[in-house]
Amino acid sequence: MTQETLNEEPAAETQPLGEARTPDPDGRIPVIETYGLTKTYETKTEDVHALRDLNLTVYQGEIFGYLGPNGSGKTTTIKLLLGLIFPTDGSMAIMDSESIGSIHVRRNIGYLPEGAYYPDFLKGEEVLRFYGKLYGLRGRALERRIDEVLEMVGMTGARRRLVGGYSKGMRQRIGLAQAMISDPQILILDEPTTGLDPIARKEIRDVLVKLRDEGKTLLISSHELLEVEMICDRVGILHNGMLQTIGALDDLLVQRDITLEVEVPSESAVHELSRFGIISEDMVDGKALLRVPANVSLYEAIEQCQHNNVSLLSVRPRRETLEELFVRVVGAAEENKEINQV
Amino acid sequence: MTDESVKKPQSTSDKLPGVVSVFTLGLGAIAVYTWREGMRKKTMIGFLVLSLLVIFGAWFLTAFLQTGGAQVDTELDTKLVKDICVTAISIFGVLITIFISASVVPGEVENRIIYTVLSKPVRRFQYLMGKFLGVQLIIIINLALMGGLFFVNLYIQEGILPTLLLWTIFLTYFEFLIVSAFTFAIGCAASSAVLPVIGGLFIYITGNLTEYLGDVARRAGQTEAFLDVAIGWLATGLYNVLPNLQNFSLRNQLLYLQPNDPPADAMIPQMVVYGLLYAAAGYVIGYIIFRRKEL
Ligand SMILES: Nc1ncnc2c1ncn2[C@@H]1O[C@H](COP(=O)(O)OP(=O)(O)OP(=O)(O)O)[C@@H](O)[C@H]1O
Ligand SMILES: [Mg+2]
């Protein structure tokens, strides 16, 4: 309910969001859905199964992180959602509309392609003017919007320069700007922060979070797991065209390990502790961070510390990082694949 | 005044234009952008400069012959100049037509700009139409430049407004339109400009030889040998399908009639309709290919 009211205000910029959509039992409103989506590329040498039976749901007002190793099918999914390619099997719905290619659906979508390229004989602002017109924007409204998005991606200073002379990161920024030009309800961004410097990354992250807080829905494919962990609400991990896991970050990242902050007398003490499965993660000036994996009992760990003259400073639960989850999930999928092949 | 616009940024005329105007706005934007991009292609500029040089050079040549004192037949001179210029306009014009029509769609697939355009609320039909109109703009501007220089040249030489030349250029455009539409259609299927360029040249050349194809069709098939029959069928098929581009040429009239004569027994309106129909057929084929193309 609240999410729906959030929606009303900015919707005038584009089209009002589709028909009445039914929230699921948790009160979440699905915006992007795929059902058994399958894509096989028929090449001259072989059939490439890029996507197999993908069931994906992205809800309104969330940042969804779409992860997976190279070639796992992320870009393929995104192109299917935009009607640039067509599914071999299965179906999709965006805002309850199954006609993916329809311009009413696309009016509400902003898209940043992977490794995009823009007409290099145009100036930055002319590129945005061109894309704005494709959304039906014009006149003063368009000019105002161009100023806004240029400001958002920090390109106001370079707006009158030719895109042909832009650096890689500047090109990426202008790409983000064109994706946001119509203030769309849905943003689909294929690797949005590649090529950006650390400051720009931070700025773009802030912009994305702000859009989410306005009630926009964002689907982001990325290899930058730290960033994804910082801003995404839910993630899905794809491997070899199959969705391996999907869910809220808070549910997926198990909190089973424990971190001990300690003062160590010598390196050998740490070495001694490692025999019991306690992992040293970081050590500076005689202070160390020790990780106690779930299979080692905390009592035993503390006992061993005392035994080795290691004094405890703090004990706290440690959340798994997204990177660890990723490695775990993809590793398991690789193993499964090998077993199946043998 | 800014106050007003801040308060009511969503005045309907500003933000939610009607369906028709959204369509034309996008179409216009794509066409203009295609035109601007095409006009800076190096091949195109090269051909245009060459043709202008040839037309200018022909003028220079006659000026030289006339002042050289040699008692040459001036009648013959102008015929020569006209011949050179008409040929230059056809050859360079059709090369520009083919290269531009062949590369607009494959080029955009290659540099992936097409992803950003087709993911906007743009119909594929609208996209293709915009591209096609942009190409026509380029062809028309080129023809106007070449024809314009030729026109001035002739006018200075003969002292009469060469209106017949205008008709020649006008009909030449419709010939180019047909070549352009079919080249464009092949471009919709191809992944690079090579194939459509070859296809375009094929259409232009065979389209100018349809009379001969008709001859071949009539003569073949008499011996009943397989090859003979096959060639007969092929020739008949091509003769019936291919446009007859010779019909668009007023070259002989331009050479032998007075520069301000009206075009003799050329059915201009019929030729225009003929050109438009063939072009429409080519465009529709392109659209059918492009409609479900995987990008
Ligand atoms: N046009 C195509 N023809 C044939 N195979 C393709 C085509 N496009 C993609 N593929 C294949 O489909 C699979 C999935 O590719 P996709 O681009 O979706 O991966 P991705 O997850 O986006 O990878 P990355 O992280 O490297 O961007 C790969 O095996 C790729 O080789
Ligand atoms: Mg990708």
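Provided above is the structure to which this section pertains.
Right, let's walk through the structure included here. (Residues numbered from 1 in each chain as written. Chains lettered and ligands numbered in written order. Predicted model: local features only at pLDDT ≥ 70, side-chain atom pairs only at ≥ 80, totals over all residues. Heavy atoms only, no water.)

### Considerations on the sheet that holds strand β4 (residues 89-94) of chain A
All names here are of chain A.
So, step 1. Ordered in space as β2-β1-β4, the three strands form an open sheet in which the pairing is antiparallel. Two strands close off the open sheet at either side, each with one partner strand: β2 (47-59) and β4. The sheet shows a mean angle of 15° between the axes of neighbouring strands, taken without regard to direction.
So, step 2. Sheet topology places strand β1 (residues 30-42) next to β4; five bridges connect them, and they run antiparallel. Opposite T38, over in β4, you have D89 as the bridge partner.
So, step 3. Where helix α2 (residues 74-81) meets the sheet, it contacts β1, β2 and β4, and its direction lies at approximately 115° from that of β1. (Pairing = 2+ DSSP bridges. Helix = DSSP H or I, 4+ residues; strand = E, 2+ residues; numbered from the N terminus. Axes fitted to C-alpha atoms, helices over the stretch in contact; angles between N-to-C directions. Contact = heavy atoms within 4.5 Å.)

### Considering the interface of chain B and chain A
So, step 1. Tallying the contact residues gives 36 residues for chain B and 36 residues for chain A.
So, step 2. Carbon and sulfur atoms make up 61% of the area that chain B and chain A hide from each other, which totals about 3,600 Å².
So, step 3. At the boundary of chain B and chain A, one finds two salt bridges.
So, step 4. One salt bridge connects R36 of chain B with E126 of chain A, and the closest N-O pair in it is separated by 3.9 Å.
So, step 5. Of all elements in the fold, only α2 (12-15), α3 (19-38) and α6 (113-118) of chain B reach the threshold of two or more residues within the side of chain B that touches chain A.
So, step 6. Of all the elements, α3 of chain B adds the most residues to the side of chain B that touches chain A, at nine residues.
So, step 7. Here the residues of the side of chain B that touches chain A sort into 15 nonpolar, eight polar and 13 charged. (Buried area = accessible area lost by both parts, 1.4 Å probe. Salt bridge = Lys/Arg side-chain N within 4 Å of Asp/Glu carboxyl O. Nonpolar A, V, L, I, M, F, W, Y, C, P; charged D, E, K, R; others polar.)

### A closer look at unusual backbone geometry
So, step 1. The backbone of D183 of chain A shows a phi angle near 50°, a positive value even though the residue is not glycine.
So, step 2. Among the structural elements, D183 of chain A can be located in the loop between α6 (168-180) and β6 (186-190).
So, step 3. Overall, D183 of chain A belongs to the buried group, its relative accessible area being 13%.
So, step 4. The phi dihedral of R112 of chain B is positive, around 65°, even though this residue is not glycine.
So, step 5. With respect to the helices and strands, the residue R112 of chain B is situated in the loop between α5 (74-110) and α6. (Buried < 20%, exposed > 50% of the residue type's maximum accessible area, 1.4 Å probe, protein only.)

### Here's the deal with the pairing of β6 of chain A
All names here are of chain A.
So, step 1. Counting buried residues in β6 gives five out of five residues, a clear majority hidden from the surface.
So, step 2. Burial along β6 is two-sided: the residues I186, I188 and D190 and L187 and L189 are all buried.
So, step 3. By the bridge criterion, four bridges tie strand β5 (residues 109-112) to β6 in an arrangement that is parallel. In the sheet register, L112 faces β6, and the bridge partner there is L189.
So, step 4. Relative to strand β7 (residues 217-221), β6 is paired through five bridges, and the arrangement is parallel. Within the sheet, the bridge partner assigned to D190 lies in β7 and is S221.
So, step 5. Regarding topology, helix α7 (residues 198-213) serves as the crossover connection from β6 to the parallel β7, and that connection is right-handed. (Right-handed = clockwise from strand over helix to strand, strands pointing away.)

### Points about the packing of helix α5 (residues 139-152) of chain A against α6 of chain A
All names here are of chain A.
So, step 1. Between α5 and α6, whose axes approach to 9 Å, the crossing angle comes to 140°. As judged from the angle between their axes, α5 and α6 are oblique. Relative to α6, the crossing made by α5 is right-handed. Along the contact surface, α5 presents R145, V149, L150 and M152, while α6 presents I174, A177 and M180.
So, step 2. Looking at the contact of α5 with α6 residue by residue, the class counts come to six nonpolar, no polar and one charged. (Parallel < 35°, antiparallel > 145°, perpendicular 65-115°, else oblique. Left-handed = near helix turned anticlockwise from the far one by under 90°.)

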